[in-house]
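Overview (structure and organization)
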Amino acid sequence: MTAASHHAPVKGPSGPPTSGTTAGPHLRRSLTRALPVSPALILLLLFLAGPIGYCAYIAFTDLQLTGQAESSFVGFENFRTAFQDEAFLNAVWLTLVFTVLSSLIGQNTLGLALASLMQRASKPVRTLTGAIVITAWVLPEVVAGFLLYAFFRREGTLNAILDWLQLPSQNWLFTLPILAVSFANVWRGTAFSMLVYSAALNEIPKEITEAAQVDGASGRRRMWHITLPMIRRSIGTNLMLNTLQTLSVFGLIWVMTRGGPGGKSQTLPLFMYEQAFQNSLIGYGTAVALLLLLVGALFSLVYMRLLRTEV
Amino acid sequence: MTPRTRMTRTLASRRSSRRLAADAGLLAVAAAFCLPLAWVLLSSVDSHADLRVKAPDGLTLDNFDAILTDDITFTPLLNSLILCGGATLLTVVCAALAAYPLSRFRSRLNRPFLLTILFATSLPITAIMVPVYALFVQVDLIDTMQGTIFFFAASQLPFAIWLMKNFMDGVPKELEEAAWTDGASSLQSLIRIVLPLMGPGVAVVTVFSFVMMWGNFFVPFMLLLTPDQMPASVSINEFFGNRGMVAYGQLAAFSIVYSTPVILLYVLISRRLGGGFALGGAVKG
């Protein structure tokens, strides 16, 4: 967040008057000043930190949805089960495919391509494309899911176009569901990358690219040697945020395929949901959730690292 | 023709041909992105809508007529409004209060607190929904609007605090110092001076939180059970579940009614902040 780092206010010793200067005025002043943080702090502790702590706890128990009120501590049993569970390993693999295809390759590359084309395009085309791509992003997740479901269904738009082009059509949601949901995620998420890269490209001084152009550097070379190095931090930030967002996609896949058929589009969030609710294994589902959370936390730390170097 | 003018000529013509190529590329992507959107628009006014993009068999508003009832549309939308409105209000108030000391006073705790907040903004909330469900069952908050509102607010707070603090840092401190000399308290100067000066910032935080919650499916799907309490993001699935044959025209019409508020809100803030690039810039890092 650039605005943050640049406009750090000058912080002086002065502040609003605080009542009471008798016992421990310094401590009391600090407390009074910190008071407004407390509602947010309470909410965060109760409803965010609490569940995370609870998550770390029940991941090591055999808590079930129905039946027994008691649950017992089982150590690393859930994790051991997970790594021997083919359905889990399948979900890990599909999550990787989904993330690489839709976030790293799809959203990121398409977003960058759109942003750099927008630098050169005429204004009406730029505005129109921006509006359409952003609309896809602003639509509620479930609506996006339905639109793409209709698009990929056997009797949907994609096959109609393929027929018209006399290309072989197929039932995409059945044969290649993970590809279909990846495309859906690209459709829905590209706007974010486009906005980030547009902002980054606008900050590159015109003189630099023009100088390279006069020196005869080709478009591809300018991209590779000038543009990409200059926006590398935005690329890092964007990749991190895209990946984190993609890791937690649930509604889109749920609406389009429910993770099926036969688990062929079941990423980790859907696997976690199925274990916890359809199979009633809350402990096991939570162990999977904890793994997902740890991966997310790791990415989050890398992201913070990137932000720090930017300051 | 001097070499110089020739060079400017070729540069200019190269530029215009590059513009044409860029326009063509953008239009191709726009067309591809447009297809699913075209489906929802055309199907909503089509009396025989199916799953592909086609010209309607005759314009009709029957689909909208059929869904604009209490059961199908108004109750879920009202539920959405209560959930998202309540949670947004809570988020914005808590975020503004919390951002003020973080932005204005120096403390050893600021940095660790902000780093924790930043860390929390990028945690995958989806991952903690199963434990949240289990926890809510234990403390009897499951299937309650207030429980869902609290959780929504807490999940949105890290980002809201982070944004709010950054907007607040942009408001110069001199005006408040004058107010402090006149004996105004922190709370008074926050409400009377700082917040009015950062109106666009507050608007962004509000709209962003609201839009995120309005579209969220997983949280209410997990934490609410009674059909009467379901917001539109969950009730939309009814078109598939219980009503037998799917009425695609009605589904499309409902999608439009449900999506319109967030699109309007987005247009509102992007206009105010000069182009759609405000949020991208704000999250840019």
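Residues numbered from 1 in each chain as written. Chains lettered and ligands numbered in written order. Predicted model: local features only at pLDDT ≥ 70, side-chain atom pairs only at ≥ 80, totals over all residues. Heavy atoms only, no water.

What about the overall build of chain A?
In terms of helices and strands, chain A carries 16 helices and zero strands. Taken over 311 residues, chain A has a buried fraction of 51%. If you sum the accessible surface of chain A, you get close to 14,700 Å²; carbon and sulfur atoms cover 65% of it. (Helix = DSSP H or I, 4+ residues; strand = E, 2+ residues; numbered from the N terminus. Buried < 20%, exposed > 50% of the residue type's maximum accessible area, 1.4 Å probe, protein only. Areas by Shrake-Rupley, 256 points an atom, 1.4 Å probe, with all protein chains shown as cover.)

Quick word on the packing of helix α6 (residues 145-169) of chain B against helix α9 (residues 199-214) of chain B
Residues and elements named next belong to chain B. Between α6 and α9, the least distance of the axes is 10 Å, while the angle of their chain directions is 155 degrees. Between α6 and α9, the angle falls in the class roughly antiparallel. Crossing of α6 against α9: the hand is right-handed. Within the contact between the two elements, α6 uses Phe 152, Ala 153, Gln 156, Phe 159, Ala 160, Leu 163, Met 164 and Phe 167 and α9 uses Gly 201, Val 202, Val 204, Val 205, Phe 208, Ser 209, Met 212 and Met 213. Looking at the contact of α6 with α9 residue by residue, the class counts come to 13 nonpolar, three polar and no charged. (Axes fitted to C-alpha atoms, helices over the stretch in contact; angles between N-to-C directions. Parallel < 35°, antiparallel > 145°, perpendicular 65-115°, else oblique. Left-handed = near helix turned anticlockwise from the far one by under 90°. Contact = heavy atoms within 4.5 Å. Nonpolar A, V, L, I, M, F, W, Y, C, P; charged D, E, K, R; others polar.)

Examining the interface of chain B and chain A
Note on interface size: it is often stated as the accessible area lost on association of the parts. Chain B puts 99 residues into the contact, and the matching count from chain A is 106 residues. Surface buried jointly by chain B and chain A totals about 9,200 Å² across both partners, of which 77% is contributed by carbon and sulfur atoms. On the surface where chain B and chain A come into contact, there are zero salt bridges. Where chain B meets chain A, there are five residue pairs in polar contact (both at pLDDT 80 or more). Element by element, the count of residues in the side of chain B that touches chain A is highest for helix α1 (residues 3-44) of chain B, at 18 residues. (Buried area = accessible area lost by both parts, 1.4 Å probe. Salt bridge = Lys/Arg side-chain N within 4 Å of Asp/Glu carboxyl O. Polar contact = N/O pair within 3.5 Å; in protein donor to acceptor, adjacent residues only side chain to side chain.)

Quick word on helix α12 (residues 219-230) of chain A
Between its first and last C-alpha, α12 of chain A extends 15 Å over 12 residues, near the 16 Å set by a 1.5 Å rise per residue. Regarding α12 of chain A, the residues found buried are Arg 222, Ile 226, Thr 227 and Leu 228 of chain A. (Expected span 1.5 Å × (residues − 1).)

Some details on the confidence of the model for chain B
Mean pLDDT over chain B stands at 83; residues scoring 70 or higher make up 89%. For residues 275-285 of chain B, every residue scores under 50 in pLDDT, and the model assigns this stretch 32 contacts once sequence neighbours within four places are set aside. (pLDDT = per-residue confidence, 0-100.)

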